[in-house]
Amino acid sequence: MLEIKCPYCGKRSQNEFSYGGDASVKRPALEKEISDKEWDDFVYFRKNPRGKHLELWHHVSGCRQWFKVSRDTTTHEIYKTSKINEE
Amino acid sequence: MQKYSIFSLIKNAFTNHENWEVAWKDPEPKKEYDVVIVGGGGHGLATAYYLAKEHKITNVAILEKGWIGGGNVGRNTTILRSNYMWDANGLFYEYGMKLWENLSQELNYNVMYSPRGIINLAHSDAQLNTYSRRGNSMRLNGIDAMMLGRDELKKMIPFADFSSSARFPIFGGLMQPRGGTARHDAVAWGYARQADSMGVDIIQHCEVTGFEVQNGKIKSVQTSRGNIQTKKVGLCVAGSTSLLAEKLNMKLPIESHVLQACVSEPVKPFLDHVVTFGAGHFYCSQSDKGEMVMGGDLDGYNSYAQRGNLPTLQHVLSEGVAMFPNLSRLKMLRTWGGIMDMSMDGSPIIDKTHIEGLYLNCGWCYGGFKATPVSGWTFAYTIAQDQPHDLNSKFKLNRFSSGHLIDEKGVGTKTWIG
């Protein structure tokens, strides 16, 4: 069982959260003309690392805030959680 | 190669089974091969076998970091089926079913193919409608499918919850009678033995650490046991595909996730078919030893750990109990996890890449085991002919940018959306 520290509510059990995938992915700027390849990269292609992974989680059964988690994909150790606008 | 038969069994019984030939050798890697397959799982072993058998390419090495059959081919729930709606999937997996039917004879190895039928339960009228649509699509592609009513199902799976208090009442189901199970380890071992006998080198405990690419062409593979020159490399490494792709500066439409499976203590014959729950993600069958073999959802976050987490297991098994209430009385014997190469549309990729001589076989999601023969067959064709076969021509890597997704169920890595 993962214990995830929501930056708003504190440490809670994994059951209260849902996963939102890689947090390092950046949506192309709205005003910019982009190629199919760039859009493709944004929507589908992922680094999928073994080890440290910055990801989004949603405290869906709690405060309903999205936030960032730095977690190891092999040991599941959580290094850090932060608000979405924090580094 | 020694042929396995009742006579060889009797003959070896007289010598206390001490004189059996080794099933495959343990060679040192050579300096050069025509084709190097990375990954000694089901798909890698099958690919090497069909390269040798169908295309007469026998100077082939299989490089396996651990031991053959130690990954997902030994970790699945052994289900075989081709009950897909889209042509790309249906025709591909149906070709696979035909290979399964003769596999024990072809490999001279009993893979214990058991066409016991796979039943998808429907729990509403709407679900029955979508199942009949899928069933009709299957029949148009020459795949066996039949709709079952509640009364027929009562006779076939009497222990399912047909009571008036069932949370998800059973309305009917879709069955593929030729679907079933096979013994997964035997599939890996059978392919390994035949591939080895045709000259393929199965090199275990040999980790690929890098690739040499010159002018857009594969030149060699760097391994923990030295450099190996080759012009063609096929990747069959399931959940580790992104890690090898990273060494080639490639990013893929793949996320690695852990999927758990479990078996209960063995009980007397209880379930004759493979049955899937329609109101969630749960499937089960009974092994020949009597264990209930069960599985369901991914844990739901990127993972390279070959073990799962209890909340998911609890969720999956609560679905099982909703379907077969008396499962709640069974003790769990073992649980384990495997790393799935989840593609973004839920369908596989068997294709060439932008690097000449590099071929990709990945994105199997939950369903790699049933595809073992046909994946090997089509991947061997793709490598040998340097172009995809008709059967895998839709499983392209560039389908994500061209928009030709094969979204059979509309689920990829984000399974909760489906």
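Remember, it's a predicted structure, so these values are computed and weren't measured experimentally. (Residues numbered from 1 in each chain as written. Chains lettered and ligands numbered in written order. Predicted model: local features only at pLDDT ≥ 70, side-chain atom pairs only at ≥ 80, totals over all residues. Heavy atoms only, no water.)

Caption draft 1: Spatial organisation of the overall build of chain B. When helices and strands are tallied, chain B shows eleven helices and 18 strands. The C-alpha atoms of chain B give a radius of gyration of 22 Å, which matches the 22 Å a tight globule of 418 residues would have. When its C-alpha atoms are laid out on the principal axes, chain B stretches across 70 × 60 × 40 Å. For chain B, the proportion of its 418 residues judged to be buried stands at 58%. Long-range contacts, defined here as pairs at least 24 residues apart, represent 75% of the contacts in chain B between residues at least 6 apart. Accessible area for chain B stands at about 17500 Å²; split by element, carbon and sulfur atoms hold 51% of it. Computing the positive centroid from 42 side-chain charges and the negative centroid from 39, chain B places the two 1 Å apart. (Helix = DSSP H or I, 4+ residues; strand = E, 2+ residues; numbered from the N terminus. Rg over C-alpha atoms; globule rule 2.2 N^0.38 Å. Buried < 20%, exposed > 50% of the residue type's maximum accessible area, 1.4 Å probe, protein only. Contact = heavy atoms within 4.5 Å. Areas by Shrake-Rupley, 256 points an atom, 1.4 Å probe, with all protein chains shown as cover. Lys, Arg positive; Asp, Glu negative; His and termini not counted. Charge placed at Lys NZ, Arg CZ, Asp CG, Glu CD.)

Caption draft 2: A nonpolar patch on the surface, seen in detail. Taken together, the side chains of B:Ile6, B:Phe7, B:Leu9, B:Ile10 and B:Phe14 make up a nonpolar region of the molecular surface, amounting to roughly 600 Å² of accessible area. Looking at B:Phe7, the relative accessible area reads 64%, which means it is exposed. (Patch = residues over 30% accessible without salt bridge, like charges linked within 9 Å, V, L, I, M, F, W, Y side chains within 5 Å. Salt bridge = Lys/Arg side-chain N within 4 Å of Asp/Glu carboxyl O.)

Caption draft 3: Representation of the sheet that holds strand S6 (residues 172-176) of chain B within the structure. Residue and element names in this part refer to chain B. Read across the open sheet, the eight strands follow the order S5-S6-S4-S13-S14-S15-S12-S16; overall the sheet is mixed. The strands lining the two open edges of the sheet, one partner per strand, are strand S5 (146-149) and strand S16 (332-343). For this sheet the average axis-to-axis angle between neighbouring strands, irrespective of direction, equals 25°. Relative to strand S15 (residues 292-302), helix H9 (residues 310-323) is tilted by about 140°, and along the sheet it contacts strand S4 (118-122), strand S12 (254-264), strand S13 (274-276), strand S14 (282-286), S15 and S16. (Pairing = 2+ DSSP bridges. Axes fitted to C-alpha atoms, helices over the stretch in contact; angles between N-to-C directions.)

Caption draft 4: Structural view of helix H10 (residues 372-385) of chain B. Residues and elements named next belong to chain B. For H10, spanning 14 residues, the distance from its first C-alpha to its last is 20 Å, which sits close to the expected 20 Å at 1.5 Å a residue. The element H10 is largely enclosed, with a buried count of eleven among its 14 residues. Taken residue by residue, H10 has Thr372, Pro373, Val374, Ser375, Gly376, Trp377, Thr378, Phe379, Ala380, Thr382 and Ile383 as its buried positions. Following H10 by one or two positions, Asp386 has its phi on the positive side, about 60°. (Expected span 1.5 Å × (residues − 1).)

Caption draft 5: Summary view of unusual backbone geometry. Residue and element names in this part refer to chain B. Its identity as a non-glycine residue notwithstanding, His205 has a phi of 55°, on the positive side. By secondary structure assignment, the location of His205 is in the loop between strand S8 (201-203) and strand S9 (208-214). The class of His205 is exposed, set by a relative accessible area of 52%.

Caption draft 6: A look at the layout of surface pockets. Residue and element names in this part refer to chain B. Taken as a whole, the second largest pocket holds about 490 Å³ of empty space. Forming the walls of the second largest pocket are 22 residues, and the residues nearest its centre are Thr78, Arg183, His184, Ser287 and Lys289. Of all the elements in the fold, those that place two or more residues in the lining of the second largest pocket are helix H7 (184-197), S14 and S16. Of the residues in the lining of the second largest pocket, the class split is five nonpolar, nine polar and eight charged. (1 Å grid on protein atoms, 1.4 Å probe; cavity = no way out; pocket = protein on both sides within 12 Å on 5 of 7 lines; lining within 4 Å. Points joined across faces, edges and corners; volume = space filled by probe spheres on them. Nonpolar A, V, L, I, M, F, W, Y, C, P; charged D, E, K, R; others polar.)

Caption draft 7: Structural view of the nonpolar core. All names here are of chain B. Core analysis: the largest hydrophobic core is formed by 50 residues, its most contacted members being Tyr50, Phe92, Trp100 and Tyr191. The set of elements that each furnish at least two residues to this core consists of strand S1 (32-38), helix H2 (42-55), strand S2 (60-63), helix H3 (87-101), helix H4 (103-107), H7 and H10. Sort the elements by how many residues they give to this core and H2 lands first, with seven residues. Every residue in contact with Tyr50, bar those within four places of it in the chain, is listed here: His55, Leu99, Leu103, Glu106, Tyr191, Pro373, Gly376, Trp377 and Ala380. Tyr33, Val237, Ile349 and Leu397 belong to the second-largest nonpolar core, a separate cluster that totals 31 residues. (Core = buried A, V, L, I, M, F, W, Y, C linked by side-chain atoms within 4.5 Å.)

Caption draft 8: Spatial organisation of the packing of aromatic side chains. Under the definition given, this model contains 20 aromatic pairs over all chains. Ring centres of A:Tyr44 and B:Phe400 lie 5.1 Å apart, and the angle between their planes is 55°; on these two criteria the pair is classed as tilted. With A:Tyr44 in the loop between helix H1 (36-43) and strand S4 (52-58) and B:Phe400 in helix H11 (residues 399-402), this residue pair bridges two chains. Overall, A:Tyr44 belongs to the buried group, its relative accessible area being 18%. Ring centres of B:Phe92 and B:Trp364 lie 6.1 Å apart, and the angle between their planes is 25°; this geometry places the pair in the stacked category. Within this pair, whereas B:Phe92 is found in helix H3, its partner B:Trp364 is found in the loop between strand S18 (358-362) and H10, the two being separated by 272 residues in sequence. One aromatic cluster is present, formed by B:Tyr84, B:Phe92, B:Tyr93, B:Trp364 and B:Phe395 through successive ring pairs. (Phe/Tyr/Trp six-rings, centres within 6.5 Å; stacked < 30°, edge-to-face > 60°.)

Caption draft 9: Up close: the side chain of B:Thr382. Tracing the sequence through the fold places B:Thr382 in helix H10. Beyond its immediate chain neighbours, meaning those up to four positions away, B:Thr382 contacts B:Ile350, B:Asp351, B:Lys352, B:Tyr359, B:Gln387, B:Pro388, B:His389 and B:Asn392.

Caption draft 10: Highlighting the packing of H2(B) against H7(B). Residues and elements named next belong to chain B. Where H2 contacts H7, the axes come no closer than 9 Å and their chain directions differ by 35°. The crossing of H2 and H7 is left-handed. On H7, the residues that touch Leu45, Ala46, Ala48, Tyr49 and Tyr50 of H2 are Ala188, Tyr191, Ala192, Gln194 and Ala195. Within the contact of H2 with H7, the residues separate by chemical class into nine nonpolar, one polar and no charged. (Left-handed = near helix turned anticlockwise from the far one by under 90°.)

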